[in-house]
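Understanding the architecture of this molecule
Take a look at the letters that make up each chain.
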Amino acid sequence: MSDLLGRLRGRGWRMTSQRRVVAEVLDGDHVHLTADEVHAAAARLLPEISRATVYNTLGELVTLGEVMEVTSEGRAKRYDPNAHRPHQHLVCSVCGTIRDVHPVGDPLSALPADQRFGFAVSEAEVTYRGLCPGCAATA
């Protein structure tokens, strides 16, 4: 059973065939699919699944905190099932490939106290941008 499916079953989430297929499509490391990519992959497994069902299921998973929406400037939202594993993202500026990265250290410690302007900072989102190996080779 996948990590995401296991978490959802543990929460008692009603597991319809459509929800199960969406969760299966999202399973794995470095998965950052758009809603359309999730629908296309889900339709290969369950041809009758509708685009609306996929969008609704993704919305529910985000609301539950089981999937994160990852946004990148000028690109479609992507969905990351690794919501319970603290990580940052490495994004290719050309093709949009996204990889999960786990830098050493606490990103909150990188923000000096005098730069917090009185905020009680509870989390940090860091996105590293550059060129993936494929795009770098053609640049």
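Heads up: the structure comes first, above all this text.
The rules we used
Residues numbered from 1 in each chain as written. Predicted model: local features only at pLDDT ≥ 70, side-chain atom pairs only at ≥ 80, totals over all residues. Heavy atoms only, no water. Axes fitted to C-alpha atoms, helices over the stretch in contact; angles between N-to-C directions. Helix = DSSP H or I, 4+ residues; strand = E, 2+ residues; numbered from the N terminus. Parallel < 35°, antiparallel > 145°, perpendicular 65-115°, else oblique. Left-handed = near helix turned anticlockwise from the far one by under 90°. Contact = heavy atoms within 4.5 Å. Pairing = 2+ DSSP bridges. Core = buried A, V, L, I, M, F, W, Y, C linked by side-chain atoms within 4.5 Å. Buried < 20%, exposed > 50% of the residue type's maximum accessible area, 1.4 Å probe, protein only. Nonpolar A, V, L, I, M, F, W, Y, C, P; charged D, E, K, R; others polar.

Now for the packing of helix α2 (residues 17-26) against helix α4 (residues 51-64). Between α2 and α4, whose axes approach to 10 Å, the crossing angle comes to 70 degrees. When the axes of α2 and α4 are compared, the pair comes out roughly perpendicular. Helix-helix and strand crossings are classified by hand; for α2 and α4 the assignment is right-handed. In this structure, α2 uses Q18, R19, V22 and L26 to contact α4, whose residues at the interface are T53, V54, T57, L58, E60 and L61.

Right, let's talk about the sheet that holds strand β5 (residues 127-130) for a bit. Read across the sheet, three strands follow the order β4-β3-β5 without closing on themselves; strand pairing throughout is mixed. If you trace the sheet from one side to the other, it starts and ends with β4 (98-101) and β5, each paired once. Adjacent strand axes in the sheet meet at a mean angle of 25 degrees, parallel and antiparallel pairs treated alike. In this sheet, β4 lies alongside strand β3 (residues 88-92) in antiparallel orientation, the contact comprising four bridges. Considered in β4, the bridge of H89 is made with D100.

Within the largest apolar cluster, 21 residues are counted, with the highest numbers of intra-cluster contacts made by V22, L26, L58 and L61. If you list the elements that add at least two residues to this core, you get α1 (3-10), α2, α3 (35-45) and α4. Not counting chain neighbours up to four residues away, the residues in contact with L61 comprise L8, W13, V22, L26, E66 and V67.

The geometry of α1 relative to α2 is characterised by a closest axis approach of 8 Å and an angle of 140 degrees between their N-to-C directions. Between α1 and α2, the interaxial angle falls into the category oblique. In this structure, α1 uses L4, L5, L8 and R9 to contact α2, whose residues at the interface are R20, A23, E24 and L26. Its residues placed into classes, the contact of α1 with α2 shows five nonpolar, no polar and three charged.

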